[in-house]
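Report on the structure
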Amino acid sequence: MKTLLAAFWIFIGALAGLPAVADELRPAFLLTGAQQRDGQDLSGQWTYSKDLYRTGLTDINGWVAKSRMQRYRDLDVAAIEARGGVDFFEFHLDRGPIINVPGAWNAAAPELRYYDGLIWFQRKFNAQALGGKRAFLRFEAVNYRAWVYLNGKEIGRHEGGFTPFVLEVTEALRSGQNRLVVGVDSSHDAQSIPTSITDWDLYGGITRPVRFITTPTTFIDDAMVQLRPDGRIAGEVRLQGPHAANQVVSVAIGALATARATTDAHGRARFELAAPRGLERWSPEKPTLYEVRFAAAGDAVRDRVGFRTIAVKGNQILLNGKPIWLRGISLHEEEFGPNPARNMTETASRALLHEIKHGLGANYVRLSHYPHSETTVRLADEMGLLVWSEIPVYWTVDWDNPAVLRKALAMQAETIYRDRNRASVIMWSVGNETPVSPSRTRFHSAMADNVRQLDPSRLVSAALLVKQDGDALAIDDPLVGKLDVLAVNIYAGWYGSDTLDAVAKLKWKVPADRPLILSEFGADALAGYRNDGMKKFTEEYQAEYYRQTLAMADAIPTLRGMSPWILKDFRSPRREHPVFQNGWNRKGIVSELGVRKQAFGVLADYYRGK
Ligand code: GCB
């Protein structure tokens, strides 16, 4: 019923263009500026207990007497065991194996490499009496489903492996020691997003940081500011708490400007001001960020924000009013090294983005196929890289299922609320390579409408499939009407029995009045496999594939950028050629260890000439 109601409101909202729809998707808490708030980083050593048969979540007809398998109970198992008697347990999280959080479990122990299911994690932490304050837990990402318990009480659940969620724990918290237990289920199915078949490793676990946070009773939950296309600065602040209404909010943009506004009955204040003289526009060449301070009701948060505009005019993409060509590359969230585990520390993210910006000479990165870590997006702001952001509506999804659409809309909303202060993010993509059908197009259209309501300031795109008829290539997809930028993935010259001669002959038939980007093209090469003729998987073949594809791209008059597939080799359980792949997709232009292949030089040379 709840789902039906949600679908109803989304539908009504889509008709009327009401901001209320976007509000309906707003997570209960956002806790903007969470990293700087009072509290504790709960990174570090946790213990865990595997639960392949999911007994910790069930109590089958009372068989599991006294819930001897339910790890989330607030029990001192050691003390109960020491007392003797009839109680016994088939878990003991206090004595469980140790795992580092954040990080996927797949790289933590050999037996977990291919574990796909439920694992319980525990971490104890101390807290002081709240003395009238409120307390929250903020998870930056748990892949894929989470059940969160504090001191034996369920405090919330979340689905979706790449977006943050915040749970209030004011009532469940104890002064002194607290027992936090999180059940994490990595399994995907036909109704999950993504489904169980992708071309990347579905790393499981608490993959990004967890923070315990305290706030005043009334606090700033959300604070947004941006440069609008009309050159004015506009923003919004939301308070939560008993005194959220009728509060004066003040905003300071560096030392350049200030604004004030008063919250309405819902704790919301909108403000607007002329862009101050001397405001430098953010760009990849000069990624100027200003410290913005929001204050209200005795609470204050800061953010570092860049100001820029992004628009499409005819077949051009305009950054700060000027045409821009997106020299990009695609990126999966995997650090360099032989055993990546999606542990995106600042050092790891910086190394990847540095190679993109300074090694390749790029100004743009496609963060595929899901929202990357907050650290990475913030570094893109700081280092000057434009970002394509996407959620994993990928290949196939249960298009006709309203509950799945609802999940996609919520995931998109969580991403937008997280990143809407990031100048680097210029484009929200609503899908990747989804075969055209009426129900799929309806699904994506609802997503595109939703994105425009949540954030009208950025561009909307999707990585589409290209239609090939002989040597003719076209985009035959009704979704194009919903997009600002057309984007296509193309693998001519790689898959099937294609040879490189085929690439040069291709002729594009694309709309003359729309900007086009190549969201993907690529070929596998095993680093170091050379001098074996022009065989597939050699570095020479991949390099020549890049030369040919780039020459073909130059003949597309409306081409405004590209993000070839992909910066580095990444793990994919689909790729099991025992000589060349061994569980890795080898389309990286650098190896998993960071060694550049020949194609890297070809692309870097091309970008130098752009
Ligand atoms: C694609 C997918 C990407 C794959 C890639 C490939 O079109 O979008 O996720 O990894 O092709 O390597 O085939």
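Residues numbered from 1 in each chain as written. Predicted model: local features only at pLDDT ≥ 70, side-chain atom pairs only at ≥ 80, totals over all residues. Heavy atoms only, no water.

As annotated in an unreviewed UniProt entry, the protein is Beta-glucuronidase from Massilia varians. Looking at the protein in UniProt, the text filed under Sequence similarities (unreviewed entry) is "Belongs to the glycosyl hydrolase 2 family." (UniProt positions renumbered as here; feature names shortened; annotations may be inferred.)

A look at helix α7 (residues 438-454)
The end-to-end C-alpha separation of α7 is 24 Å, in line with the 24 Å expected for 17 residues at 1.5 Å each. Across the 17 residues that make up α7, a large majority, 12, are buried. (Helix = DSSP H or I, 4+ residues; strand = E, 2+ residues; numbered from the N terminus. Expected span 1.5 Å × (residues − 1). Buried < 20%, exposed > 50% of the residue type's maximum accessible area, 1.4 Å probe, protein only.)

Regarding the pattern of salt bridges
In the structure shown here, the tally under the stated rule is 55 salt bridges. Notably, a salt bridge pairs Asp185 with Arg54, separated by 2.1 Å at the nearest N-O pair. One end of the pair, Asp185, is in strand β9 (residues 176-185); the other, Arg54, is in the loop between β2 (44-50) and α3 (77-83), and 131 residues separate them in sequence. Taking relative accessible area as the criterion, Arg54 reaches 30% and is therefore assigned partly exposed. When salt bridges that share partners are traced, they join Arg26, Asp222, Glu236, Arg238, Arg270 and Arg420 into one network. (Salt bridge = Lys/Arg side-chain N within 4 Å of Asp/Glu carboxyl O.)

Examining the sheet that holds strand β11 (residues 219-227)
Pairing within the open sheet is antiparallel, and its three strands lie in the order β11-β12-β15. Only two strands of the sheet have a single partner each, and these edge strands are β11 and β15 (268-274). The mean angle between the axes of side-by-side strands here comes to 15°, regardless of whether they run parallel or antiparallel. (Pairing = 2+ DSSP bridges. Axes fitted to C-alpha atoms, helices over the stretch in contact; angles between N-to-C directions.)

Let's talk about the UniProt feature "domain: Glycosyl hydrolases family 2 sugar binding" (unreviewed entry) in the protein
In the numbering adopted here, UniProt assigns the feature "domain: Glycosyl hydrolases family 2 sugar binding" (unreviewed entry) to residues 92-216. For the annotated span residues 92-216, helix accounts for 0% and strand for 42% of the residues, and the straight-line distance between the end C-alpha atoms is 36 Å.

Some words on the packing of helix α9 (residues 539-554) against helix α10 (residues 598-608)
Following both chains from N to C, one finds α9 and α10 inclined at 25°, their axes separated by 7 Å at the closest point. As far as their axial angle goes, α10 and α9 are roughly parallel. Viewed along their axes, α9 and α10 form a crossing whose handedness is right-handed. Two secondary-structure elements touch here, α9 through Glu539, Glu540, Gln542, Ala543, Tyr546, Arg547, Leu550 and Asp554 and α10 through Gln598, Ala599, Val602, Leu603 and Tyr606. Of the residues contributing to the contact of α9 with α10, the split by class is seven nonpolar, two polar and four charged. (Parallel < 35°, antiparallel > 145°, perpendicular 65-115°, else oblique. Left-handed = near helix turned anticlockwise from the far one by under 90°. Contact = heavy atoms within 4.5 Å. Nonpolar A, V, L, I, M, F, W, Y, C, P; charged D, E, K, R; others polar.)

Description of the site of the ligand
If you check the shell around the ligand, you find 14 residues, and the closest are Asp199, His369, Tyr394, Glu433 and Tyr495. Between Lys587 and the ligand, the recorded distance is 2.7 Å, taken from a side-chain N or O atom to an oxygen atom. Relative to its unbound accessible area of 320 Å², the ligand is 97% covered by the protein chains. Residues of the shell around the ligand, tallied by class, amount to five nonpolar, four polar and five charged. (Near = heavy atom within 4 Å. Polar contact = N/O pair within 3.5 Å; in protein donor to acceptor, adjacent residues only side chain to side chain. Areas by Shrake-Rupley, 256 points an atom, 1.4 Å probe, with all protein chains shown as cover.)

A short note on the packing of aromatic side chains
Each aromatic ring pair is described using two quantities: the centre-to-centre distance and the angle formed by the ring planes. Counting across every chain of the model gives 29 aromatic pairs. Ring geometry for Phe89 versus Phe91: centroids 6.0 Å apart, planes at 75°, classification edge-to-face. When the centroid spacing of 4.8 Å and the interplanar angle of 10° are considered together, the rings of Phe139 and Phe165 count as stacked. Remark: Phe165 occurs in strand β8 (residues 165-168) and Phe139 occurs in strand β5 (residues 134-139); sequence separation between them is 26 residues. Its relative accessible area of 6% is what places Phe165 among the buried residues. Within the aromatic cluster, the residues linked to one another by ring pairs are Phe162, Trp200, Tyr370, Tyr394 and Trp395. Sitting over the face of the ring of Tyr370, Arg342 holds its NZ or CZ atom 4.9 Å from the ring centroid. (Phe/Tyr/Trp six-rings, centres within 6.5 Å; stacked < 30°, edge-to-face > 60°. Lys NZ or Arg CZ within 6 Å of the ring centre and 35° of its normal.)

Re the sheet that holds strand β30 (residues 516-520)
Judged by pairing direction, the barrel is parallel, and its eight strands sit side by side in the order β21-β22-β23-β24-β25-β28-β30-β31 before closing back on the first. Each adjacent strand pair in this sheet contributes to an overall mean axis angle of 30°, direction not counted. Bridge count between strand β28 (residues 486-489) and β30: four bridges; the pairing is parallel. Bridge pairing links Asn489 to Glu520 in β30. Helix-sheet contacts for α7 involve β24 (425-432) and β25 (459-465), and the interaxial angle to β24 is about 160°.

Side note on the UniProt feature "domain: Glycoside hydrolase family 2 catalytic" (unreviewed entry) in the protein
Mapped onto this numbering, the UniProt entry annotates "domain: Glycoside hydrolase family 2 catalytic" (unreviewed entry) at residues 310-554. Between the first and last C-alpha atoms of residues 310-554 the distance is 24 Å; the span itself is 32% helix and 24% strand.

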